[in-house]
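Here is how the chains run, residue by residue.
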Amino acid sequence: MAAVAANVAAAAEDREPQREAVPGLESQWRQIENSESGRERPLRAGESWFLVEQHWYKRWEVYVQGGDQDSGTFPGCINNADLFEDQVNWRLKKGLVEGEDYVLLPAAAWHYLVDWYGLEHGQPPIERKVVELPSVQKVEVYPVELLLVRHSDMDTPHTAQFSHTDSVDLVLRTAREHFLVSPQEETRLWIKNAEGSFERLCNTRVTVLDAALKTGQVVIMETRNKDGTWPSAQPQAVNTALEEEEDFQGQPGICGLTNLGNTCFMNSALQCLSNVPQLTEYFLKNRYLEELNFCNPLGMKGEIAEAYADLVKQAWSGHHRSIVPHVFKTKVGHFASQFLGYQQHDSQELLSFLLDGLHEDLNRVKKKEYVELCNAAGRPDQEVAQEAWQNHKRRNDSVIVDTFHGLFKSTLVCPDCGNVSVTFDPFCYLSVPLPVSHKRVMEVFFVSMDPRRKPEQHRLVVPKKGKISDLCVALAKHTGMSPERMMVADVFSHRFYKIYQLEESLSSILDRDDIFIYEVSGRSAIGENSREDVVLPIYLRERTPARDYNNSYYGLMLFGHPLLVSVPRDRLSWDALYHILLYRLSRYVTRPSSDDEDDGDEKGHVAGASSQDSGPEQAGPSSGVAGGSRAPVDNSPGPSHWPQRARRKHLFTLQTVNSNGTSDRSTFNEDTHGVSFSSQPYIAIDWEPEMKKRYYDEVEAEGYVKHDCVGYVLKKAPVRLQECIELFTTVETLEKENPWYCPTCKQHQLATKKLDLWMLPETLIIHLKRFSYTKFSREKLDTLVEFPIRDLDFSEFVIKPQNESAPELYKYDLIAVSNHYGGLRDGHYTTFACNKDSGQWHYFDDNSVSPVTENQIESKAAYVLFYQRQDVARRLQPQPSSSDPPASPACGSPPNSEFMDVN
């Protein structure tokens, strides 16, 4: 037996010629079992441990504990054959149990045994790693076996083993190496779940354990197509079309976006952002993959960044004429519910959301620390600004911050104590106001008391924040009529929607309202012998047969324009009122001849409410005649005190109604003295159809004339972009709804506020505030803003001490414009953008793209402007070879192109 041991030792020496001499048995036991390198040492994450077959190890224990190196218990070479399923793949048997089938040895102890006894020829060592699982460390005897396949060949799997602590990125790299994917190609992983569904492995920085990958699970590697799309994102039905698209080769970046239904606002914002060179390069060169932030609670799990990256890669692949941004639209709606559905939105609002979403998804700060905002407290501006910017970067560090973020200086001054508060705040874009005219043009119709005069249409210029009295004063300059003899009303659906007081604000009148100004009689001072006129609102109604089975039911329908008629208080009788109204209507109502006077008595009576006038009448909002200097006073004689008119032939009947023009019985009280009316009387002139047809001239009634002032147009002079920026930096007083809390006064104050530009970003976004919203109105300012294509100089606006040796740090060139055409409800968005590769300007109108010249870019539709700093443009510009002509630093227009007229 000693000879056998000697032979084994010799054989071991042949295999491992440099190993140390075999120590004594007691020393062997101590080194394997009890020393720092032995079995009793604690587990440490990441260490390698080895499996040894239990029976061999027991024989070794008996051998060393016997104390006789020449005994017949010598164990021989380490033989782990019983631990393997086969002798080919050397796969470990399932269900092996520590202490029954194998023992675990640390790396040092394993190497000692191999040195002393050798390993059975051809057998691989069974090395396993110590992994740190939640609350426990253990030797990972069974690694995770994954089946790696390509998306294009799901039937040929490759089996690979991974530790639970290996990253998913290692799985991806292993798959790329096995399937021979070139470094230029972009890949991503999917897993196939037990139920057969597929799920993206978005975050490759997590471990196999965190990704919940299990042995036997299929992992699919997908390779991006040449046109920027992913094979899995395309339905099978369009495979042929995709192949045709891949064959198309156009200019990268010249790619339209399909309108999915009122998504032109989204398309416009995306085209502008896509033409920011440094941001597009960041995505095209896959630098975003290393910075995706999947655990940011303020972000969107990287999904917005990935969806935007897919769009950019498709648009700049050069293989698409246009693409359908359906996936991106779905992602945006998922994370911002205001963009769900297919309603029209604001391109600047989407741009704001997208920049914020991209920033949080790509934020390099994985765990944001708390940063306390510090006031200047008398310190130098440069010190405070640097501190504010550093604090901002401690929580926000991304390609969006690098590209679009600048710094404001905000100065607040308390009006009481004079306390000055200076802070420096970051910004992502400038929302600059447009110089707003303090005048407003309003169209009105003037109705004279003279029945021979047709209504006159006037175009009046009034103060935007003026009152109704200002409207009357403006009209008085055109008509020579005293403002005291005017009443202003809003006419809607043949009735008075509202009759205004002189002190009411003009802001309550919308441009679309039909405003009538009526001449009424003047009033002398209230006195014992004064003659006071009552102003009566007059409606016109026609009796029409209603849809009833016996045609016995009649309705009254409003028509024509209502009137405000002055009636002397001493003539408040039905008969007098009839003749007054007949006179007022004489321009378009013909008086009956003497031959018509014997047609008999008129049916019904004037002041009563018969069963015939409660039919289906038009309804609408009305405020009635407001109590004022011209409205009838409360003690004016009501209809019950008016003498009954004579029963003879009349063209129409008169009826008291409510402000809606309907006979509301709840306001009537019938008694033996007639009908009393508790509130302001409205009078309806009711026509029989036959009488209206004979005596009422509808064409003449609707006629009006235009005053010379209607041809007057309030010209809006164009403004320079620099004027808007000056207005942005002008001192303003805070509004009552947004006061500032003064720490010195210990109360909220309407402080003065001034914003100044301290530091400008590489790419400056300027939002022109064209949309104005107030309590009563919404309007779009279509002022032409003149903005330079090149050399927009901000040196006069930046208050930070400037580097005079580098003027390009303050000069900007235009690279994109988001346009808005139309009004508030039916607008359309388009884009002008300069291609970063060719320098050519293009007009993007959803899926249509056309080249344009620079002189077509400036228009009243310009809404959001993108400017790039000149030093950045030069840095990004590819270096031309010696044979190439020098390139222009700004975007230009190549000659001999067919340009589209977009104006």
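Here the structure is shown first, and the text comes after it.
Residues numbered from 1 in each chain as written. Predicted model: local features only at pLDDT ≥ 70, side-chain atom pairs only at ≥ 80, totals over all residues. Heavy atoms only, no water.

A. Spotlight on a negative patch on the surface. A cluster of acidic residues, Glu723, Glu726, Glu786, Glu796 and Glu858, forms a negative patch on the protein surface. Tracing the sequence through the fold places Glu786 in strand E35 (residues 785-786). By relative accessible area, Glu786 is classed as partly exposed at 32%. (Patch = residues over 30% accessible without salt bridge, like charges linked within 9 Å, V, L, I, M, F, W, Y side chains within 5 Å. Areas by Shrake-Rupley, 256 points an atom, 1.4 Å probe, with all protein chains shown as cover. Salt bridge = Lys/Arg side-chain N within 4 Å of Asp/Glu carboxyl O. Lys, Arg positive; Asp, Glu negative; His and termini not counted. Charge placed at Lys NZ, Arg CZ, Asp CG, Glu CD. Helix = DSSP H or I, 4+ residues; strand = E, 2+ residues; numbered from the N terminus. Buried < 20%, exposed > 50% of the residue type's maximum accessible area, 1.4 Å probe, protein only.)

B. Up close: unusual backbone geometry. Positive phi, normally seen in glycine, also occurs at Asn262, with a value near 60°. When you line up the elements, Asn262 lands in the loop between strand E10 (256-257) and helix H7 (264-274). Its identity as a non-glycine residue notwithstanding, Ser493 has a phi of 55°, on the positive side. Assignment of secondary structure puts Ser493 in the loop between strand E17 (486-492) and strand E18 (495-499). Accessibility expressed as a relative area gives 28% for Ser493, which makes it partly exposed.

C. Structural context of the nonpolar core. The biggest cluster of nonpolar side chains holds 52 residues, and the ones touching the most others in it are Leu273, Phe283, Tyr308 and Phe866. When residues of this core are assigned to their parent elements, the largest contribution, eight residues, is made by helix H9 (residues 303-315). Apart from residues lying up to four places away in sequence, Phe866 is in contact with Cys272, Leu273, Val276, Leu351, Thr763, Leu764, Ile765, Asp813, Leu814, Ile815 and Ala816. Listed in part, the 45 residues of the second largest apolar core include Val567, Leu582, Ala684 and Tyr695. (Core = buried A, V, L, I, M, F, W, Y, C linked by side-chain atoms within 4.5 Å. Contact = heavy atoms within 4.5 Å.)

D. Structural detail: the sheet that holds E18. Taken in spatial order, the six strands make up an open sheet running E18-E17-E19-E15-E16-E26, and their pairing is mixed. Of all strands in the sheet, those bounded by a partner on one side alone are E18 and strand E26 (705-706). In terms of strand pairing, E17 meets strand E19 (residues 515-519) through five bridges, oriented antiparallel. Bridging from a neighbouring strand, Val488 pairs with Ile517 of E19. Across the sheet, helix H14 (residues 468-479) touches strand E15 (439-447), strand E16 (456-463), E17 and E19, and the angle it forms with E16 is around 125°. (Pairing = 2+ DSSP bridges. Axes fitted to C-alpha atoms, helices over the stretch in contact; angles between N-to-C directions.)

E. Just the packing of aromatic side chains, in detail. Scanning the model with the defined rule gives 34 aromatic pairs in all. Where Phe445 meets Tyr704, the ring centres are 5.2 Å apart and the plane angle is 90°; that geometry is what we call edge-to-face. One end of the pair, Phe445, is in strand E15; the other, Tyr704, is in the loop between helix H17 (698-701) and E26, and 259 residues separate them in sequence. A residue is classified by how much of its surface remains accessible, and Phe445, at 18% relative accessible area, is buried. Judged by relative accessible area, which is 41%, Tyr704 ranks as partly exposed. Linked through ring pairs, Phe445, Phe496, Phe516, Tyr518, Tyr539, Tyr682 and Tyr704 together constitute an aromatic cluster. A cation over an aromatic ring shows up here: Lys329 above the ring of Tyr342, its NZ or CZ 4.7 Å from the ring centre. For Lys692, the ring lying beneath its charged end belongs to Phe559, and the centroid distance is 4.7 Å. (Phe/Tyr/Trp six-rings, centres within 6.5 Å; stacked < 30°, edge-to-face > 60°. Lys NZ or Arg CZ within 6 Å of the ring centre and 35° of its normal.)

F. Representation of the pattern of salt bridges. Per the counting criterion, the structure on display carries 42 salt bridges. Measuring nitrogen to oxygen at the nearest pair gives 2.8 Å for the salt bridge that ties Lys331 to Glu303. Taken together, the positions of Lys331 in helix H10 (residues 326-335) and Glu303 in helix H9 put the pair 28 residues apart, joining distant regions of the chain. Residues Arg459 and Glu443 are paired through a salt bridge, measuring 2.5 Å at the closest nitrogen-oxygen approach. Of the two residues, Arg459 is situated in strand E16 and Glu443 in strand E15; the sequence distance between them amounts to 16 residues. Residue class for Glu443 comes out partly exposed when judged on its relative accessible area of 38%. Three or more residues joined by partner-sharing salt bridges are found here, namely Glu291, Arg364, Lys393, Asp397 and Asp402.

G. Broad picture of the packing of helix H8 (residues 277-284) against H9. As a packed pair, H8 and H9 sit with axes 9 Å apart at the nearest point and diverge in direction by 100°. If you check the angle between H8 and H9, you find them roughly perpendicular. Across the interface between the two elements, Leu279, Thr280, Phe283 and Leu284 from H8 touch Ala305, Tyr308, Ala309, Val312 and Lys313 from H9. (Parallel < 35°, antiparallel > 145°, perpendicular 65-115°, else oblique.)

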